[in-house]
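# Report on the structure
So the chains spell out like this:
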Amino acid sequence: MRPAHLFSILDREFSSAVHGHHTPVMLWGPPGVGKSQIVAEVAARRDVPVIDVRLSQMEPSDLRGIPFRTGEHVEWAVPAMLPDAERHGPRGILFLDEITSAAPTVSAAAYQLILDRRLGAYRIPAGWAIFAAGNRQGDRGVTYAMPAPLANRFAHFELEVNLDDWVAWAYVNGIDERVIAFLRFRPDLLFDFDPAHNPVAFPSPRSWEFAHRALQKFGGHPDVLVGGLQACVGPAAGIELHAFVENLDNLPDLDAILRGDEVPVPQTIDLQYAVASSLVARAIRARGTDQGEVVIGRILDYAGRFPQREMGVMLVSDLHRAVGEALFAVPQFSDWASQVADLMLYDG
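Every value quoted in this text rests on a predicted model; they were computed, and no experiment measured them. (Residues numbered from 1 in each chain as written. Predicted model: local features only at pLDDT ≥ 70, side-chain atom pairs only at ≥ 80, totals over all residues. Heavy atoms only, no water.)

### Examining the domain arrangement of the protein chain
Rule in force here: Where each domain begins and ends follows an automated or database-derived domain assignment. In this description, contact between two residues means that some pair of their heavy atoms is separated by no more than 4.5 Å. Summed over both partners, the accessible area lost on bringing two parts together, with a 1.4 Å probe, is the buried area. The working definition used for a salt bridge is a side-chain nitrogen of Lys or Arg within 4 Å of a carboxyl oxygen of Asp or Glu. Residues adjacent in sequence count toward polar contacts only when both atoms are side-chain atoms; beyond that, a polar contact is any pair of N or O atoms within 3.5 Å, and within protein one must be able to donate a hydrogen and the other to accept it. Strands here mean DSSP runs of E at least two residues long; helices mean DSSP runs of H or I at least four residues long; both are numbered from the N terminus. For this scheme, ten residues count as nonpolar: Ala, Val, Leu, Ile, Met, Phe, Trp, Tyr, Cys and Pro. Four count as charged, namely Asp, Glu, Lys and Arg, and the remainder, Gly too, count as polar.
We note that the domain assignment places domain 1 (3-158) and domain 2 (163-345) within the protein chain. Taken together, the contact between domain 1 and domain 2 spans eleven residues of the former and ten residues of the latter. In total, domain 1 and domain 2 occlude about 860 Å² of area from one another, counting both sides; carbon and sulfur atoms represent 57% of this. Connecting domain 1 to domain 2 are zero salt bridges. The interface formed by domain 1 and domain 2 contains three residue pairs in polar contact (both at pLDDT 80 or more). Those elements giving two or more residues to the side of domain 1 that touches domain 2 turn out to be helix H1 (3-17) and helix H2 (35-46). When grouped by side-chain class, the residues that make up the side of domain 1 that touches domain 2 number five nonpolar, three polar and three charged.

### Side note on empty space enclosed by the protein
Quick reminder of the rule: Note on definitions: the grid is 1 Å and covers protein atoms alone; a cavity is a set of points where a 1.4 Å probe fits but cannot get out; a pocket is an open set with protein on both sides within 12 Å along at least five of seven lines; lining residues have an atom within 4 Å of a point. Grid points are joined across faces, edges and corners, and a volume is the space filled by probe spheres set on the points.
Taken as a whole, this structure holds one cavity of 30 Å³ or more when the rule is applied. In this structure, the largest cavity spans a volume of roughly 60 Å³. Taken together, Ile99, Thr100, Ala102, Ala103, Pro104, Ser107, Tyr144, Ala145, Met146, Pro147 and Leu150 make up the lining of the largest cavity. By residue class, the composition of the lining of the largest cavity is nine nonpolar, two polar and no charged.

### Considerations on the nonpolar core
Formally: Residues belong to a common nonpolar core when they are buried Ala, Val, Leu, Ile, Met, Phe, Trp, Tyr or Cys residues joined through side-chain atoms within 4.5 Å. Note on classification: 1.4 Å probe, protein chains only; a residue is buried when its accessible area is under 20% of the maximum for its type, exposed when over 50%, partly exposed between these limits.
Core analysis: the largest hydrophobic core is formed by 63 residues, its most contacted members being Trp166, Leu183 and Trp208. Counting residues in hydrophobic clusters, the runner-up holds 26 residues, among them Met58, Leu82, Ala110 and Ile130.

### As for the pairing of strand E2 (residues 50-54)
We count it as follows: A pair of strands counts as paired when DSSP detects no fewer than two bridges linking them.
Of the two faces of E2, the one lined by Ile51 and Val53 is fully buried and the one lined by Val50, Asp52 and Arg54 carries no buried residue. Where E2 and strand E5 (residues 91-97) come together, five bridges link them in parallel fashion. Looking at the pairing, Val53 lines up with Leu96 of E5.

### Overview of the sheet that holds strand E1 (residues 25-28)
Note the following rule: Fitted lines through C-alpha atoms serve as axes, helices being fitted only where they are in contact, and the angles separating the N-to-C directions of these axes extend from 0 to 180 degrees.
In spatial order, the strands read E2-E5-E8-E1-E9; together these five strands make up an open sheet with parallel pairing. The outermost strands of the open sheet, each flanked by one partner alone, are E2 and strand E9 (155-158). With direction set aside, neighbouring strand axes in the sheet form an average angle of 20°. As defined by bridge partners, E1 adjoins strand E8 (residues 127-134) across four bridges and the pair is classed as parallel. The partner of Met26 across the bridge, within E8, is Ala132. The sheet contacts of H1 involve E1, E5, E8 and E9, and relative to E8 the element is tilted by about 145°.

### Quick look at the layout of surface pockets
For the largest pocket, the calculated volume is near 790 Å³. In terms of lining, the largest pocket is formed by 32 residues, of which the most central are Gly34, Gln37, Ile38, Glu41 and Trp169. Counting residues per element, the ones that place at least two in the lining of the largest pocket are H1, H2, E8, helix H8 (163-172) and helix H10 (205-218). Considering every element that reaches the lining of the largest pocket, the biggest residue donor is H8, with six residues. Its residues assigned to classes, the lining of the largest pocket shows 14 nonpolar, eight polar and ten charged. Formed jointly, the lining of the largest pocket draws a minimum of three residues from each of two domains, domain 1 (3-158) and domain 2 (163-345). Approximately 170 Å³ is the volume attributed to the second largest pocket. Surrounding the second largest pocket, 13 residues form its lining, Asp192, Pro199, Ala201, Phe202 and Pro203 being those nearest its centre. Sorting elements by how many residues they give to the lining of the second largest pocket places helix H12 (residues 235-246) first, with three residues. Each residue belonging to the lining of the second largest pocket can be placed in one class, and the counts come to nine nonpolar, two polar and two charged.

### Topic: helix H11 (residues 222-233)
So the rule is basically this: The span expected for a helix works out to 1.5 Å for each residue beyond the first. What the arc covers is the set of directions going from the helix axis to the C-beta atoms.
Relative to the 16 Å expected for twelve residues at 1.5 Å per residue, H11 spans 17 Å between its end C-alpha atoms, a close match to the ideal helical length. Listed in full, the buried residues belonging to H11 are Leu225, Gly228, Leu229, Cys232 and Val233. End-on, the buried residues of H11 take up no more than an arc of 105°, which puts them together on one face. Of the residues in H11, the exposed ones pointing more than 90 degrees away from the buried face are Asp223 and Ala231. Check the buried side of H11 and you find it contacts H10 and H12. A positive backbone phi angle near 100° is found at Gly234, which sits one or two residues after H11.

### Side note on the pattern of salt bridges
Taken as a whole and judged by the stated rule, the model has 17 salt bridges. Here Asp188 makes a salt bridge to Arg186, at a shortest N to O gap of 2.6 Å. Of the residues examined, Asp188 reaches a relative accessible area of 46% and is grouped as partly exposed. Between Arg213 and Glu209 there is a salt bridge, with the nearest N and O atoms lying 3.4 Å from each other. In this pair, Arg213 and Glu209 are both assigned in helix H10, four residues apart and thus about one turn of the helix distant. Since its relative accessible area comes to 40%, Arg213 is described here as partly exposed. Where salt bridges share partners, they join Asp52, Arg54, Asp97 and Glu98 into one cluster.

Structure representation (structure tokens):
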């Protein structure tokens, strides 16, 4: 399931907890595809805390608590990490990350917590949702087969990588437009993991964020930039990204485009992707300013000049994801839409 759809499901699951309709959710996927990130985004949207419990690092007693004697009886001290309405708030997310890496004795201790929302006398507050995540057995991680009794306590979803969803996330989170442009140009490199070869560094949504950071740190140090990129996304992808970035010196003048000058579209496809991504980034920076509508309008004018109209459609699609419904109020939008109406009808 693509990330945008899974985000909607988790958001609905969270809101259903307080009404008693919540089903614990298990997220499956290879390393680095953004399972933890989606959970964090749901929590941020709802402005609630996330308690991240790594079962792979725990013993059964860490979850069950420590027994102590009270008179003639034994009671259990509830672990401080578990949700408490007074300390953590009435609503939140209990996230059981790396659950497939937990030893069977630890996962068995979680059965009652997940299905019955309790452990002995302890109860999870009504407004808290339970999400879990783990890698599949073929992903070369330290994993155990999920026992059937535990699996039957979850609704299961497998997270897929999706370039459009990643690009939308990347613009919102300020990822370098050069990385976005490169992945538009080489979409197969968004995630390229072969567990049979057990790579150390490999392309993934997570590691492309690392590459973004490397560009900020080493961009002014060409002697180490290639090595820094390879350390994040692997040898081959790092070299490709570096070559792509080096070629961006041939980009057209973006300021001239935004002034409304007649700037020719680059002839090579890689530079077309680069200019499209750079213009979307400019629109985001101009959003909410006095010049915002003017900037978007001139980007729409430029989108109509691409010799391959599909490139212009991609540019405007990314622009819509970045600036939202405000795009439709710009006068140039109707002109651009008329130019590509037959293409959009055919693609639909």
